[in-house]
2 protein chains.
Amino acid sequence: MVTTSKKSERVPSANLNRRVERSRHAILTTAFELLSEGGVASFSVDEVARRSGVAKTTIYRHWPTREALVIDACSRMIAEQETPDTGSLEGDVTAILVEIAHLLPTANWSFVLPSIVDTAERNPEFAEIHSRIQRGHAAPLREVLQRAVGRGELSAHADVSTIVAALLGPLFYRRWFSREPIDDPFVKAIIKGVLASL
Amino acid sequence: MVTTSKKSERVPSANLNRRVERSRHAILTTAFELLSEGGVASFSVDEVARRSGVAKTTIYRHWPTREALVIDACSRMIAEQETPDTGSLEGDVTAILVEIAHLLPTANWSFVLPSIVDTAERNPEFAEIHSRIQRGHAAPLREVLQRAVGRGELSAHADVSTIVAALLGPLFYRRWFSREPIDDPFVKAIIKGVLASL
DNA sequence: ATATAACGATACGATACAGTATCGTATCGT
DNA sequence: ACGATACGATACTGTATCGTATCGTTATAT
């Protein structure tokens, strides 16, 4: 996105303007907020302009279409999660799932994700974003599982994808489908069940 | 919805008109189709009128608002599923999950459900519909689990809700989140894992 | 055969939204 | 200080939608 040029001395601003940065930030922040509240469907450029105080003209100076802005805002919603290293598979998995269980009812992205999933059902661009978000969620689990294989704690034949689904699936199910609370006993029961059957 | 009156002889039509029935059916069929294609957000009464050939005026004679029509159409999307009785818990659970695994990538409701989930996140009426759909999905599982408890095949202390989440969660996860195929080996692996840890 | 109810066609008002155009002003880098 | 650039305000076009109003036509039950 950053303009690169061979003759960097005549470029108006090698590092972006402060004003531009301010505008973009204000717009994106409001876009986040709006997405969290109403999802992708009810997102409108006019409303972003109203709330952010930035003129609609300026928004269209930075993003060519509404679609582009929504996609940009969604892309920055990917939850970066740290990968724990407790030494044991059970410890790692527990740390990850407890963290997710804590985020699921509160984090902003958990309110927007259904909207993205829905849109992704018919829109390839959103399918791509969704895929990236998804990989982000599963990445720490995949890593600790691979490590467990390396330590010999887990069979090299174990199907990591299946285990991830068995661990994350029930939590996601409770958040968006059965809408039951995701408390500690539940998380522990899921972990115990999955690890016991390996 | 059916009009009941004490003086049934003076009522214009005790059993509804054929015309009314035809109109309602044409409208609902088109509404289904439209929902399957674009979800709740992109659903419009004008489009239903265009496709069904039924005048918009007529649609509003039967449903007071767009909202009411969408809700009615969604309500009829609940998948009725039969409860198997193979004699063993594993047999019953397998029958149910294989059936769901087969429906998930194909059934109409699977394309609309994300949209309903998303809408339910902010709209109580849709939350209610979603809840009914959800109970419908889980009902057969709950029943065979209860039966297993009755037979002594399953401890009376077993947490049925947790087991349902452990079984359905991974399948739903693959359909809408990781978007991986839900093949027979996967389903079997999930069932084996859950039942083994009881 | 006829009255009643349902229907179709069309037009309408109100609102929301995407995206563009214009023009004057404020801010930035130098 | 000054020129380039970004910004704000406003207005505008075009479209989509909801929901209503009107009125003539058709199907229905009896």
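A quick note: this is a predicted structure, and the numbers were derived from the prediction, not measured.

**Describing the overall build of chain A**
Within chain A, the secondary structure is distributed over nine helices and zero strands. In terms of principal-axis extent, the alpha carbons of chain A reach across some 60 × 45 × 30 Å. Taken over 198 residues, chain A has a buried fraction of 34%. Once local pairs closer than 6 in sequence are excluded, the contacts in chain A between residues at least 24 apart make up 62%.

**Thoughts on the relation of the copies chain B and chain A**
Laying chain B over chain A is done by rotating through 180° and shifting 0.0 Å along the axis; what remains is an RMSD of 0.1 Å. Such a combination of rotation and displacement between the chain copies is what one expects of a two-fold axis. Minimal C-alpha separation from the rotation axis in chain B is found for Gly169 of chain B, amounting to 2.1 Å. Looking at chain B, 100% of its interface residues are interface residues in chain A too, so the copies touch through the same face.

**Points about the nonpolar core**
One finds Ile116, Leu167 and Leu168 of chain A together with Ile116, Leu167 and Leu168 of chain B to be the most contacted residues of the largest nonpolar core, which totals 96 residues. Apart from the residues within four sequence positions on either side, Leu167 of chain B is in contact with Val93, Leu97, Leu141, Ile190 and Val194 of chain B.

**A short note on the protein's contact with DNA strand C**
Near DNA strand C, the surroundings consist of 24 residues, among which Val45 and Arg66 of chain A together with Ser23, Ala55 and Thr58 of chain B are the closest. For the surface near DNA strand C, the secondary structure elements donating two or more residues are helix H1 (18-38), helix H2 (45-52) and helix H3 (56-62) of chain A together with helix H1 (18-38) and helix H3 (56-62) of chain B. For the surface near DNA strand C, the residue count by class is six nonpolar, nine polar and nine charged.

**Observations regarding the protein's contact with DNA strand D**
Close to DNA strand D lie 24 residues; Ser23 and Thr58 of chain A together with Val45, Thr65 and Arg66 of chain B are nearest. Every element with two or more residues in the surface near DNA strand D is listed here: H1 and H3 of chain A together with H1, helix H2 (45-52) and H3 of chain B. Here the surface near DNA strand D gets four residues from one element, more than from any other, and that element is H3 of chain A. Per-class residue counts for the surface near DNA strand D are six nonpolar, nine polar and nine charged.

**Remarks on the environment of Asp184 of chain A**
Positionally, Asp184 of chain A belongs in helix H9 (residues 184-196). Along the backbone, Asp184 of chain A and Ala101 of chain A are 83 residues apart, and their C-alpha atoms lie at a distance of 8.2 Å.

**Looking at the interface of chain B and chain A**
For interface size, the figure often reported is the accessible area lost on association. On the side of chain A, 32 residues touch chain B, which itself brings 32 residues to the contact. Among the secondary structure elements, those contributing two or more residues to the side of chain B that touches chain A are helix H6 (108-120), helix H8 (160-177) and helix H9 (184-196) of chain B. For the side of chain B that touches chain A, the element with the highest residue contribution is H8 of chain B, accounting for 12 residues. Taken together, the residues of the side of chain B that touches chain A sort by class into 17 nonpolar, nine polar and six charged.

**Notes on the UniProt feature "domain: HTH tetR-type" (unreviewed entry) in chain A**
Residues given the UniProt feature "domain: HTH tetR-type" (unreviewed entry) here are residues 21-81 of chain A. For residues 21-81 of chain A, the end-to-end C-alpha separation is 26 Å, with 70% helix and 0% strand making up the annotated structure.

**Some details on the UniProt feature "DNA-binding region" (unreviewed entry) in chain A**
Look at the UniProt record and you will see "DNA-binding region" (unreviewed entry) annotated at residues 44-63 of chain A. For residues 44-63 of chain A, the helix share is 75%, the strand share is 0%, and the end-to-end C-alpha distance is 13 Å.

**So, H9 of chain B**
Spacing of three or four residues puts side chains on the same side of an α-helix, whose turn is 3.6 residues. The terminal C-alpha atoms of H9 of chain B, which comprises 13 residues, lie 18 Å apart, in line with the 18 Å expected from a rise of 1.5 Å per residue. Turning to H9 of chain B, its buried residues are Phe186, Val187, Ile190, Ile191, Gly193 and Val194 of chain B. Down the axis of H9 of chain B, the smallest arc covering the buried residues is 165°, so these residues share one side. Set apart from the buried face of H9 of chain B by more than 90 degrees, the exposed residues are Asp184, Pro185 and Ala196 of chain B. Looking at the buried side of H9 of chain B, the elements it contacts are helix H8 (160-177) and H9 of chain A together with helix H5 (89-103) and H8 of chain B.

**Quick look at the packing of H1 of chain B against H6 of chain B**
Two numbers describe a pair of packed helices, the interaxial angle and the distance between the axes. Residue and element names in this part refer to chain B. Direction vectors running N to C along H1 and H6 enclose 65°, while the axes themselves pass 8 Å from each other. Judged by the angle between their axes, H1 and H6 are roughly perpendicular. In the crossing of H1 with H6, the sense of the turn from one axis to the other is left-handed. Facing Phe32, Leu35 and Ser36 of H1, the residues of H6 in contact are Asn108, Phe111 and Val112.

**Thoughts on unusual backbone geometry**
Positive phi values are uncommon outside glycine, yet Arg179 of chain A reaches one of about 55°. Mapped onto the elements, Arg179 of chain A comes out in the loop between H8 and H9.

**Structural notes on the environment of Arg135 of chain A**
Residue and element names in this part refer to chain A. You can see Arg135 is positioned in helix H7 (residues 124-151). A tally of 12 C-beta atoms within 10 Å means that Arg135 is categorised as exposed. C-alpha of Arg135 to C-alpha of Ala158: the two residues are 23 residues apart in sequence and 19 Å apart in space.

**Some words on the packing of H5 of chain B against helix H7 (residues 124-151) of chain B**
All names here are of chain B. Viewed as axis vectors pointing N to C, H5 and H7 meet at an angle of 175°, and their least axial separation amounts to 10 Å. Taken together, the axis directions place H5 and H7 in an arrangement best described as roughly antiparallel. For the pair H5 and H7, the contacting residues are Leu89, Asp92, Val93 and Ile96 in the first and Pro140, Leu141, Val144 and Ala148 in the second. Here the residues of the contact of H5 with H7 are counted per class, giving seven nonpolar, no polar and one charged.

How each quantity is defined
- Residues numbered from 1 in each chain as written.
- Chains lettered and ligands numbered in written order.
- Predicted model: local features only at pLDDT ≥ 70, side-chain atom pairs only at ≥ 80, totals over all residues.
- Helix = DSSP H or I, 4+ residues; strand = E, 2+ residues; numbered from the N terminus.
- Buried ≥ 20, exposed ≤ 12 C-beta atoms within 10 Å, placed from the backbone.
- Contact = placed C-beta atoms within 7 Å.
- Least-squares fit on C-alpha atoms with pLDDT ≥ 70 in both.
- Core = buried A, V, L, I, M, F, W, Y, C linked by C-beta atoms within 7 Å.
- Near = placed C-beta within 6 Å.
- Nonpolar A, V, L, I, M, F, W, Y, C, P; charged D, E, K, R; others polar.
- UniProt positions renumbered as here; feature names shortened; annotations may be inferred.
- Expected span 1.5 Å × (residues − 1).
- Arc of directions from axis to C-beta.
- Axes fitted to C-alpha atoms, helices over the stretch in contact; angles between N-to-C directions.
- Parallel < 35°, antiparallel > 145°, perpendicular 65-115°, else oblique.
- Left-handed = near helix turned anticlockwise from the far one by under 90°.

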